[in-house]
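# Working through the structure, step by step
Residue strings, one per chain:
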Amino acid sequence: MITNDKIKIFDNQDKNPDDFYDRFRKQLDERHDFPGNYMFKFIIPTGDKNIALLHKIFDHGEASFVMRESKNGKYTSVTVTLYVPDSISVIEYYKEAGKIKDIMML
């Protein structure tokens, strides 16, 4: 784990994804009040059809999207704010988004 005052980065290579999601769920439950709005963050190649796939995952009218292209225009950051009932729902959205090719989830 790499750490500074505000950010913890976990090296998850060669580890069981279920272990990662279990730790993530526990951290969410400790640091976020559910139910409530949750801010999902993604980076995806600009102009790629995968952006439309990301919109489809959160397509139920209540999600708000903020998109911003990188300086060179190669990537687009997407912030999705959505009311979720619990940490398990957050993880399910991330798992579904993780199926999109070339997406980076923050």
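Our structure's up above, just so we're on the same page.
Residues numbered from 1 in each chain as written. Predicted model: local features only at pLDDT ≥ 70, side-chain atom pairs only at ≥ 80, totals over all residues. Heavy atoms only, no water.

## A word on the nonpolar core
Soluble globular proteins tend to bury their nonpolar side chains together. Note the following rule: As used here, the term nonpolar core means buried Ala, Val, Leu, Ile, Met, Phe, Trp, Tyr and Cys residues forming a set that is joined through side-chain atoms within 4.5 Å. Under the scheme applied here, a residue whose accessible area is under 20% of the maximum for its type counts as buried, over 50% as exposed, and between as partly exposed, the area being computed with a 1.4 Å probe on protein chains only. Helix and strand assignments come from DSSP, with helices taken as H or I runs of at least 4 residues and strands as E runs of at least 2, each series counted from the N terminus.
Counting residues in each nonpolar core, the largest one holds 23 residues, and the members touching the most others are Phe24, Tyr38, Phe40, Phe42, Leu54, Phe58 and Val90. With five residues, helix H3 (residues 87–97) is the single largest residue contributor to this core.

## Considering the packing of helix H1 (residues 17–31) against H3
Basically, it comes down to this: Where helices are involved, their axes are fitted lines through C-alpha atoms of the stretch in contact, as for all axes, and angles between N-to-C directions lie from 0 to 180°. Here is the rule for angles: anything less than 35 degrees is roughly parallel, anything more than 145 is roughly antiparallel, 65 through 115 is roughly perpendicular, and the remaining ranges are oblique. Rotating anticlockwise by less than a right angle from the far helix to the near helix defines a left-handed crossing, while the corresponding clockwise rotation defines a right-handed one. The contact criterion used is simple: two residues touch if any of their non-hydrogen atoms lie within 4.5 Å. In this classification, the charged set is Asp, Glu, Lys and Arg, the nonpolar set is Ala, Val, Leu, Ile, Met, Phe, Trp, Tyr, Cys and Pro, and all remaining amino acids, among them Gly, are polar.
Packing of H1 against H3 brings their axes to within 9 Å, and their N-to-C directions diverge by 135°. The angle between H1 and H3 falls in the class oblique. Along this stretch, H1 crosses H3, giving a crossing that reads as right-handed. For the pair H1 and H3, contact is made by Tyr21, Phe24, Arg25, Leu28 and Asp29 and by Ser87, Ile88, Val90, Ile91, Tyr94 and Lys95, respectively. Residue classes in the contact of H1 with H3 are distributed as seven nonpolar, one polar and three charged.

## A short note on the pattern of salt bridges
What counts is decided by this rule: The salt bridge criterion pairs a side-chain nitrogen of Lys or Arg with a carboxyl oxygen of Asp or Glu, the two atoms within 4 Å.
Per the counting criterion, the structure on display carries five salt bridges. For Lys26, the salt bridge is made with Asp22, and the minimal N-O distance between the two is 3.3 Å. Linking Lys26 with Asp22, this pair stays in helix H1, spanning four residues, or about one helical turn. The class of Lys26 is partly exposed, set by a relative accessible area of 43%. Taking the relative accessible area as the measure of exposure, Asp22 reaches 32% and is therefore partly exposed. In this structure, the salt-bridge partner of Lys99 is Glu96, at a minimum N-O distance of 3.3 Å. The exposure class assigned to Lys99 is exposed, which follows from its relative accessible area of 64%. Each of Asp22, Arg25, Lys26 and Asp29 takes part in salt bridges that share partners, so that together they form one network.

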